[in-house]
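# Structural overview
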Amino acid sequence: MTLPTRDALRLEWTRQALADPEAALERASNDASFRSYWRSHSAGRSWIVMDAPPDREDIRPWLDVASRLARAGVHVPEIQAADPMRGFVVMEDLGDRLLLPELSESSADRLYGSALDALLAMQRHADAGDLPAYDEARLVAEMELMPEWLLKRHLGYTPECEEWDVIESAFRALVDNARRQPQVFVHRDYHSRNLLVTDRDSPGVIDFQDAVRGPITYDLVSLLRDCYIAWPEPRVNAWVEEYRQRLVEAGLATVDAATFLRAFDLMGLQRHIKVLGIFCRLWYRDGKAGYLQDLPLVWRYTREVGARYPETAPLIALLERVIGNTDLTQPRP
């Protein structure tokens, strides 16, 4: 007996979930994981079907976090039906208007303002009590992707013993910075490719399944030092300070502007070190070449911020020696 294909299973399940035997599916998008997204039109409404093969991904964390965010008043897709055993969800279609292409000099304050409103709602109201902790082991494991995939695989460079000491010393400083901060709900990928402009005042928020309990500046730096778009530093710092004041008013932060900006900078450095490794891994392991084009901006953030602080400047000097004038966008055989 021939087993039905994944395509056939997806279509059959969607038709049952929508009670529409004529429903069809068209590709909506892929992301950096094993999930795929499909669009269906039924009863005068557009739906998105998420397909996460259960042998590759468990959708129960996605469903759990979606529920937490909805209760917090964050605009996440409304779920029509879900089948965790088979890895299917049919949900509200938030559209295709990603924040990234809508950002401009004139629109940034308004669009980031809405995104920061949603972030504050997450940090104030989303239940993070029993989420996985963004602990030392997780933070270090993320940063270790950089020497493994950027240095060794992408650049063909294996650090010497004394260079590992430099790497580990910087990692220790970044972990200490993260752990000193108030710990709140953290989306972990809160940026312009995971926010959608909708007909509501608040952005549609997606790709939240990896949420953890962690540092209060993490999602802020993900948004304002986005790996896909850069803004002048004075403008970023102004957004950061305005948000710090809102955190203080909400009772979520007590530190002064300079202390908060330092925490923000070093949190961003931890994230960008991780992303240098992830973007390389997405090509060499997963065949997703497009992410190499984003490496120069991530390296720029890493270099500029890391050089400001004595705890991380030696690591930046090491990376500058190794990278030199290499075109990071070109894959290594």
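Starting afresh in each chain, residues are numbered from 1 along the sequence in its written order. For a predicted model such as this one, the threshold for reporting local features is a pLDDT of at least 70, and the threshold for listing and counting side-chain atom pairs is 80 or more; totals across whole chains, interfaces and linings nevertheless cover every residue. For the side-chain quantities, the full set of heavy atoms in the structure was used; hydrogens and water were omitted.

## Here we look at the overall build of the protein chain
The helix and strand inventory of the protein chain stands at 12 helices and nine strands. For 333 residues, the compact-globule formula gives about 20 Å, and the C-alpha radius of gyration of the protein chain, at 21 Å, lands near that figure. Of the roughly 15200 Å² of accessible surface on the protein chain, 50% is carried by carbon and sulfur atoms. Note on charges: Lys and Arg go in the positive column, Asp and Glu in the negative column, and His and the chain ends are not counted at all. For this purpose, a charge sits on NZ of Lys, CZ of Arg, CG of Asp or CD of Glu. Distance between charge centroids for the protein chain: 1 Å, based on 40 positive and 52 negative side chains. Segments assigned H or I by DSSP are reported as helices when at least four residues long, segments assigned E as strands when at least two residues long, and all are numbered from the N terminus. C-alpha atoms define the radius of gyration in this analysis, and the globule rule sets the expected value at 2.2 Å times the number of residues to the power 0.38. For every accessible area listed, the method is Shrake-Rupley and the probe measures 1.4 Å; residues are considered covered only by the protein chains on display.

## Quick notes on the packing of aromatic side chains
For this analysis, a ring pair means two rings from Phe, Tyr or Trp (six-membered ring only for Trp) whose centres lie within 6.5 Å, classed as stacked if their planes differ by under 30 degrees, edge-to-face if by over 60, and tilted for the remaining angles. Counted by the stated rule, this structure contains nine aromatic pairs. Taken together, the ring pairs connect Y112, W231 and W239 into an aromatic cluster. Criterion for a charge above a ring: Arg CZ or Lys NZ at most 6 Å from the ring centre, at most 35 degrees from the ring normal. Across from the ring centre of F34, 3.9 Å away, lies the NZ or CZ of R56, which sits over that ring.

## Overview of unusual backbone geometry
Of note, the phi angle at A43 is positive, near 55°, even though the residue is not glycine. Assignment of secondary structure puts A43 in the loop between β2 (36-42) and β3 (45-51). Although it is not a glycine, R188 adopts a positive phi angle of roughly 90°. Here R188 is to be found in the loop between β6 (183-186) and β7 (195-196).

## Notes on the pairing of strand β5 (residues 88-92)
Type-normalised accessible area, obtained with a 1.4 Å probe on protein chains alone, sets the label of each residue: buried when under 20%, exposed when over 50%, and partly exposed for intermediate values. Along β5, five of the five residues are buried, which leaves the element largely enclosed by surrounding structure. Each pair of strands is called paired provided DSSP finds at least two bridges between the two strands. Bridge analysis of β3 against β5 gives five bridges, and the strand direction is antiparallel. Paired with W47 across the strands is E92, a residue of β5. Here strand β4 (residues 79-83) runs beside β5; their pairing, made up of four bridges, is antiparallel. In the sheet register, D83 faces β5, and the bridge partner there is F88. Between β4 and β5, which pair antiparallel in sequence order, lie four residues; one of them, G87, sits at a positive phi of approximately 80°.

## Structural notes on a negative patch on the surface
A contiguous patch of negative charge, built from E144, E160, E162, D165 and E168, is present on the exposed surface. Relative to the helices and strands, D165 resides in helix α7 (residues 161-180). Residues forming no salt bridge and having over 30% relative accessible area are the ones grouped into patches, like charges within 9 Å of each other and nonpolar side chains (Val, Leu, Ile, Met, Phe, Trp, Tyr) within 5 Å. Salt-bridge detection follows one rule: a side-chain nitrogen of Lys or Arg within 4 Å of a carboxyl oxygen of Asp or Glu.

## Thoughts on the environment of L252
Within the secondary structure, L252 is located in the loop between α9 (233-249) and α10 (257-284). Here, two residues are considered to be in contact whenever any of their heavy atoms come within 4.5 Å of each other. In contact with L252, other than residues within four places in its own chain, are Q123, R124, P182, I216 and L247.

## Notes on the packing of helix α6 (residues 145-154) against α10
An axis is simply a line fitted to the C-alpha atoms; with a helix, the fit covers only the stretch in contact. Between two such axes, the angle follows the N-to-C directions and lies from 0 to 180 degrees. In contact at an axis separation of 7 Å, α6 and α10 are set at 50° when each is read in the N-to-C sense. Regarding the angle of α6 to α10, the classification is oblique. The handedness of the crossing between α6 and α10 comes out as left-handed. Counting all contacts with α6, which are made through L145, M146, W149, L150, R153 and H154, the residues of α10 involved are I273, K274, L276, G277, I278, C280, R281 and Y284. For this classification, the nonpolar set comprises Ala, Val, Leu, Ile, Met, Phe, Trp, Tyr, Cys and Pro, the charged set comprises Asp, Glu, Lys and Arg, and every other residue, Gly included, is treated as polar. Of the residues contributing to the contact of α6 with α10, the split by class is nine nonpolar, two polar and three charged. Here is the rule for angles: anything less than 35 degrees is roughly parallel, anything more than 145 is roughly antiparallel, 65 through 115 is roughly perpendicular, and the remaining ranges are oblique. Left-handed describes a crossing in which the near helix is turned anticlockwise from the far one by less than a right angle; the clockwise case is right-handed.

## A word on the pattern of salt bridges
For the coordinates displayed, the defined rule picks out 31 salt bridges. With a closest N to O distance of 2.9 Å, R235 and E105 form a salt bridge. Placement of R235 in helix α9 and of E105 in the loop between α3 (99-102) and α4 (108-125) is noted, with a sequence separation of 130 residues between them. A network of salt bridges, in which partner residues are shared, links R6, D7, R10 and D51.

## Section: the side chain of N194
Along the chain, N194 turns up in the loop between β6 and β7. Any N or O atom pair separated by 3.5 Å or less is treated as a polar contact, with the protein-specific requirement of one donor-capable and one acceptor-capable atom, and with residues adjacent in sequence counted only for side-chain atom pairs. Side-chain polar atoms of N194 contact the backbone oxygen of D189, separated by 2.9 Å. Here the side chain of N194 touches D207 through a polar contact of 3.4 Å, side chain to side chain. In contact with N194, not counting residues within four places along its chain, are H187, D189, G204, V205, I206 and D207.

## Observations concerning α10
Relative to the 40 Å expected for 28 residues at 1.5 Å per residue, α10 spans 41 Å between its end C-alpha atoms, a close match to the ideal helical length. Most of α10 sits out of view: 20 of its 28 residues are buried. Here a helix's expected span is defined as the number of its residues, less one, multiplied by 1.5 Å.

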